[in-house]
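# Residue-level structure breakdown
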Amino acid sequence: MKRLLKYRIDIKDTWDKIKAERKGKPKITYDREFFKKLSIDSSNIIKRNNYEYGKKAVEILKENLEGFGNFNVLEIGTGAGTLTIPLAKEVKKVTAIEKSEMNIKLLKENLRENGIENVEIINADWNSIDIDDKFDLVVCSHFLWMVEDLEKHLEKMESLSKRYCSIIQPCGRDSIVKKIYEKILNKPYMGEFEPDADYFAYVILREWGRIVNVRYFDYTIERNLEEEIRYVASFIGRFREVDEEVIRDIESCLKEISDNEKFITKNRAVVLWWEVE
């Protein structure tokens, strides 16, 4: 149930403009295997820091959601299992929706490595899938920019939940990629690829009358040189073609930043959760 308000904050125009700028795959022409390697990088990175992001998010939910250990959970957009692996270790069952076949392959490998058997994987697009079941918790992590209509996304999350919903989203982009963006594109960085989308969801939910709980946590990401090159290229490629020349420029910039070819960034993420009415 939503409360009726005479006046509402119009966030749709801003959301649509940001989405339009981010739409489509980055234009990467220097490596045909780029996107496959990028997915593998993601899996390697989360294992390198022992699923720190997911563990800290799950710990917050575990501390605050009554009966968490017996939950049947629906997770939207699992990737390689950043959240799924720590979550499955703490709840009764996870139903995992993931569109990418490559991500599902990596997720299955990571589930096997961790001896986890209480995850059901559904290879489908969240935006079009119909689900009959209801869950104790419906959660998505680092997923909001994948949806076209945020309000419909939140409505669908609530329609499938018996008790709680949660959104987990990184806060801010690290300084390395911002610096290289400015050098290669020769213009100031204006937040073109900030991951923050939680505040859009917060405004909508508060207007609906939901009491939204908010917590933050810090986590670390470590990448090697090749991983960092692909990471930076994935953003630059949204604004210009990333060919051999651009890749050399990115690599040169990165070697100026780190002489040991290790890139460690301190990051922060937000956890939102609320009870469904």
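We now turn to the structure provided with this report. (Residues numbered from 1 in each chain as written. Predicted model: local features only at pLDDT ≥ 70, side-chain atom pairs only at ≥ 80, totals over all residues. Heavy atoms only, no water.)

## Considering the overall build of the protein
- Within the protein, the regular secondary structure consists of 10 helices and seven strands.
- The principal-axis extents of the C-alpha atoms in the protein amount to approximately 55 × 50 × 30 Å.
- The buried share among the 277 residues of the protein stands at 51%.
- Counted over contacts in the protein with a minimum sequence separation of 6, partners at least 24 positions apart contribute 79%.
- A total accessible area of about 14,200 Å² is found for the protein, and carbon and sulfur atoms account for 46% of it.
- Separation of charge centres in the protein, based on 48 positive and 52 negative side chains, amounts to 1 Å. (Helix = DSSP H or I, 4+ residues; strand = E, 2+ residues; numbered from the N terminus. Buried < 20%, exposed > 50% of the residue type's maximum accessible area, 1.4 Å probe, protein only. Contact = heavy atoms within 4.5 Å. Areas by Shrake-Rupley, 256 points an atom, 1.4 Å probe, with all protein chains shown as cover. Lys, Arg positive; Asp, Glu negative; His and termini not counted. Charge placed at Lys NZ, Arg CZ, Asp CG, Glu CD.)

## Details of the state of the cysteines
- One pass over the full model with this rule turns up zero disulfides.
- With no disulfide of its own, Cys-171 has Cys-140 as its nearest cysteine by sulfur position, at a separation of 14 Å. (Disulfide = S-S within 2.5 Å.)

## Overview of helix H3 (residues 52-64)
- Along its 13 residues, H3 runs 19 Å from first to last C-alpha, staying within 8% of the 18 Å computed at 1.5 Å per residue.
- Where H3 is buried, its residues contact helix H4 (84-88), strand S4 (135-141), strand S5 (161-171), strand S6 (213-224) and strand S7 (262-275). (Expected span 1.5 Å × (residues − 1).)

## With respect to the environment of Gly-237
- On the secondary structure map, Gly-237 appears in the loop between helix H9 (225-236) and helix H10 (244-257).
- A relative accessible area of 5% places Gly-237 in the buried class.
- Along the chain, Gly-237 and Asn-103 lie 134 residues apart, while their C-alpha atoms are 21 Å from each other.
- Beyond its immediate stretch of four places on either side in the chain, Gly-237 contacts Pro-26, Lys-27, Ile-28 and Val-242.

## Let's talk about the pattern of salt bridges
- Enumeration according to the criterion identifies 21 salt bridges in this entry.
- Two residues, Glu-207 and Arg-8, come together in a salt bridge whose shortest N-O distance is 2.8 Å. You can see Glu-207 sitting in helix H8 (residues 198-208) and its partner Arg-8 sitting in the segment before helix H1 (12-22), a full 199 residues away along the chain.
- Judged by its relative accessible area of 9%, Glu-207 falls in the buried class.
- Judged by relative accessible area, which is 45%, Arg-8 ranks as partly exposed. (Salt bridge = Lys/Arg side-chain N within 4 Å of Asp/Glu carboxyl O.)

## Structural notes on the sheet that holds S4
- Pairing within the open sheet is mixed, and its seven strands lie in the order S3-S2-S1-S4-S5-S7-S6. If you trace the sheet from one side to the other, it starts and ends with strand S3 (119-123) and S6, each paired once. Shown here is a sheet whose adjacent strand axes are inclined to one another by a mean of 20°, direction ignored.
- Alignment of strand S1 (residues 72-76) against strand S2 (residues 93-98), held across five bridges, turns out to be parallel. Looking at the pairing, Val-73 lines up with Val-94 of S2. (Pairing = 2+ DSSP bridges. Axes fitted to C-alpha atoms, helices over the stretch in contact; angles between N-to-C directions.)

## Side note on the packing of aromatic side chains
- If you walk through the whole model with that rule in mind, you get 18 aromatic pairs.
- Ring plane angle 55° and centroid distance 6.1 Å describe the contact between Phe-193 and Phe-239, whose orientation is recorded as tilted. Residue Phe-193 is located in the loop between helix H7 (175-185) and H8, and its partner Phe-239 is located in the loop between H9 and H10; the two are separated by 46 residues in the primary sequence.
- You can call Phe-193 buried: its relative accessible area is 3%.
- Through pairs of rings, three or more aromatic residues link up here, namely Tyr-181, Tyr-189, Phe-193, Tyr-231, Phe-235 and Phe-239.
- In this structure, Lys-156 is placed above the aromatic ring of Trp-126, and the distance from its NZ or CZ to the ring centre is 4.4 Å. (Phe/Tyr/Trp six-rings, centres within 6.5 Å; stacked < 30°, edge-to-face > 60°. Lys NZ or Arg CZ within 6 Å of the ring centre and 35° of its normal.)

## Describing the pairing of S5
- Most of S5 is tucked away, with eight of its 11 residues classed as buried.
- Sheet topology note: the S4/S5 ladder contains six bridges and is parallel. Looking across to S5, one finds that Val-138 is bridged to Cys-165.
- Of the crossover connections in this fold, the one passing from S4 over helix H6 (residues 150-159) to the parallel S5 is right-handed.
- Relative to S7, S5 runs antiparallel, the two being bridged by eight bridges. Considered in S7, the bridge of Cys-165 is made with Trp-274. (Right-handed = clockwise from strand over helix to strand, strands pointing away.)

This is a description of form; function is not addressed.
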